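The residues making up each chain are set out below.
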Amino acid sequence: MKWDIKLGYFLKHEIIRNLRALHDYLSENESSRLWNFQKNYISNEIFKYINGTADAIGVSHDYLGRIWTWEYLSNTTHCSSVIADGPATSSNELIHVYSLDFPYRPKDPITGLCILGDPILIVAKPEIGYCFMYPTFAGYVVESGVNEKGICISNTASPCKDENDYGAPVGIRIFEALFMHLTLKRQ
């Protein structure tokens with residue numbers, strides 16, 4: 001994915017600022033432990049994306065990768081979404097609305113700026129897989145999105161007592177669901 005390098009190049013300062021905010025917010029030991037465990041479940045394509053972005057902004061891929069544990073470790077997301085399509089809309093078109101309702105606002109310890117102050121909309125045409133778009137903040141990837149096949153996906157957290165650390169972080173699974181063909185293999 002060559003767009004990972006472009007994303008890192010154009011949003012370098014915003015990504016680094018948001019990484020500082022999240023790393024200041026999260027427990028370093030817990031986010032490192034979780035990332036080091038969950039990265040074993042990530043596809044080669046996602047590793048290429050993480051490594052390309054990390055190289056473009058000059059940080060280690062593990063430092064960047066820990067941002068993917070944010071959602072699980074904060075356990076504070078209370079997101080809402082609505083999807084309407086066809087006769088449920090006046091235009092007969094797909095409408096997807098998503099609210100990223102983080103009750104906490106991690107701030108960069110140097111600038112005092114909040115991570116949610118850098119909202120972006122990514123529109124991507126990967127070399128392999130489907131074209132897609134998703135709203136996010138600089139440095140993080142996916143909470144929701146839609147692809148060229150009309151697949152629309154959102155994450156609405158619902159913590160439960162039997163959660164475990166096995167598997168890829170939820171943001172990565174959403175990211176993969178948007179662009180990957182089912183034939184792509186995990187590492």
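Residues numbered from 1 in each chain as written. Predicted model: local features only at pLDDT ≥ 70, side-chain atom pairs only at ≥ 80, totals over all residues. Heavy atoms only, no water.

(A) Main features of the sheet that holds strand 4 (residues 132–137). Read across the open sheet, the four strands follow the order 3-4-5-6; overall the sheet is antiparallel. Strands with a single pairing partner mark the edges of an open sheet, and in this sheet they are strand 3 (119–124) and strand 6 (152–154). Strand-to-strand twist in this sheet, taken as the mean axis angle between neighbours without regard to direction, amounts to 15°. (Pairing = 2+ DSSP bridges. Helix = DSSP H or I, 4+ residues; strand = E, 2+ residues; numbered from the N terminus. Axes fitted to C-alpha atoms, helices over the stretch in contact; angles between N-to-C directions.)

(B) A look at the pattern of salt bridges. One pass over the full model with this rule turns up three salt bridges. With a shortest N-O distance of 2.7 Å, Arg20 and Asp108 are connected by a salt bridge. One end of the pair, Arg20, is in helix 2 (residues 12–25); the other, Asp108, is in the loop between strand 2 (95–99) and strand 3, with 88 residues separating them in the sequence. Given the relative accessible area of 25%, Arg20 is considered partly exposed. (Salt bridge = Lys/Arg side-chain N within 4 Å of Asp/Glu carboxyl O. Buried < 20%, exposed > 50% of the residue type's maximum accessible area, 1.4 Å probe, protein only.)

(C) Inspection of the packing of helix 4 (residues 44–57) against helix 7 (residues 170–179) at higher detail. Two elements in contact, helix 4 and helix 7, have axes separated by 11 Å at closest approach and are oriented at 110°. Judged by the inter-axis angle, helix 4 sits roughly perpendicular to helix 7. Across the interface between the two elements, Glu45, Ile46, Tyr49 and Ile50 from helix 4 touch Ile172, Phe175, Glu176 and Phe179 from helix 7. Each residue belonging to the contact of helix 4 with helix 7 can be placed in one class, and the counts come to six nonpolar, no polar and two charged. (Parallel < 35°, antiparallel > 145°, perpendicular 65-115°, else oblique. Contact = heavy atoms within 4.5 Å. Nonpolar A, V, L, I, M, F, W, Y, C, P; charged D, E, K, R; others polar.)

(D) Up close: the packing of aromatic side chains. Counted under the stated rule, the structure contains nine aromatic pairs. Centroid distance Phe132 to Phe179: 5.7 Å. Interplanar angle 25°. Geometry classified as stacked. You can see Phe132 sitting in strand 4 and its partner Phe179 sitting in helix 7, a full 47 residues away along the chain. Pair check on accessibility: Phe132 and Phe179 agree, each one buried. Put simply, the rings of Tyr49, Phe132, Tyr134, Phe175 and Phe179 pair up and form one aromatic cluster. (Phe/Tyr/Trp six-rings, centres within 6.5 Å; stacked < 30°, edge-to-face > 60°.)

(E) Structural context of the environment of Thr111. Relative to the assigned elements, Thr111 resides in the loop between strand 2 and strand 3. Take Thr111: its relative accessible area is 41%, and that puts it in the partly exposed class. At 2.8 Å, the side chain of Thr111 forms a polar contact with the side chain of Asp108. A polar contact of 3.2 Å, which involves the side chain of Thr111, links it to the backbone nitrogen of Leu113. (Polar contact = N/O pair within 3.5 Å; in protein donor to acceptor, adjacent residues only side chain to side chain.)

(F) Region of interest: the nonpolar core. In this structure, Ile50, Trp68, Ile172 and Phe175 are the most contacted members of the largest nonpolar core, which totals 34 residues. Those elements that provide at least two residues to this core are helix 2, helix 4, strand 3, strand 4 and helix 7. A per-element tally of this core places helix 4 first, with six residues. Not counting residues up to four positions away in its chain, the partners in contact with Ile50 are Trp35, His61, Leu64, Gly65, Trp68 and Ile172. (Core = buried A, V, L, I, M, F, W, Y, C linked by side-chain atoms within 4.5 Å.)

(G) Structural view of the pairing of strand 4. When strand 3 meets strand 4, the two strands line up antiparallel, connected through six bridges. By the bridge assignment for strand 4, Ala124 is matched with Phe132.

(H) Up close: a nonpolar patch on the surface. Side chains of Leu121, Val123 and Met133 sit close together on the surface and give an oily, nonpolar patch of about 300 Å² of accessible area. Within the fold, Leu121 resides in strand 3. (Patch = residues over 30% accessible without salt bridge, like charges linked within 9 Å, V, L, I, M, F, W, Y side chains within 5 Å. Areas by Shrake-Rupley, 256 points an atom, 1.4 Å probe, with all protein chains shown as cover.)

(I) Focus on the confidence of the model for the protein. Considering every residue of the protein, the mean pLDDT works out to 78; 79% of them sit at 70 or more. Between residues 182–187, whose pLDDT stays under 50, and residues either more than four places distant or in other chains, the model counts 14 contacts. (pLDDT = per-residue confidence, 0-100.)

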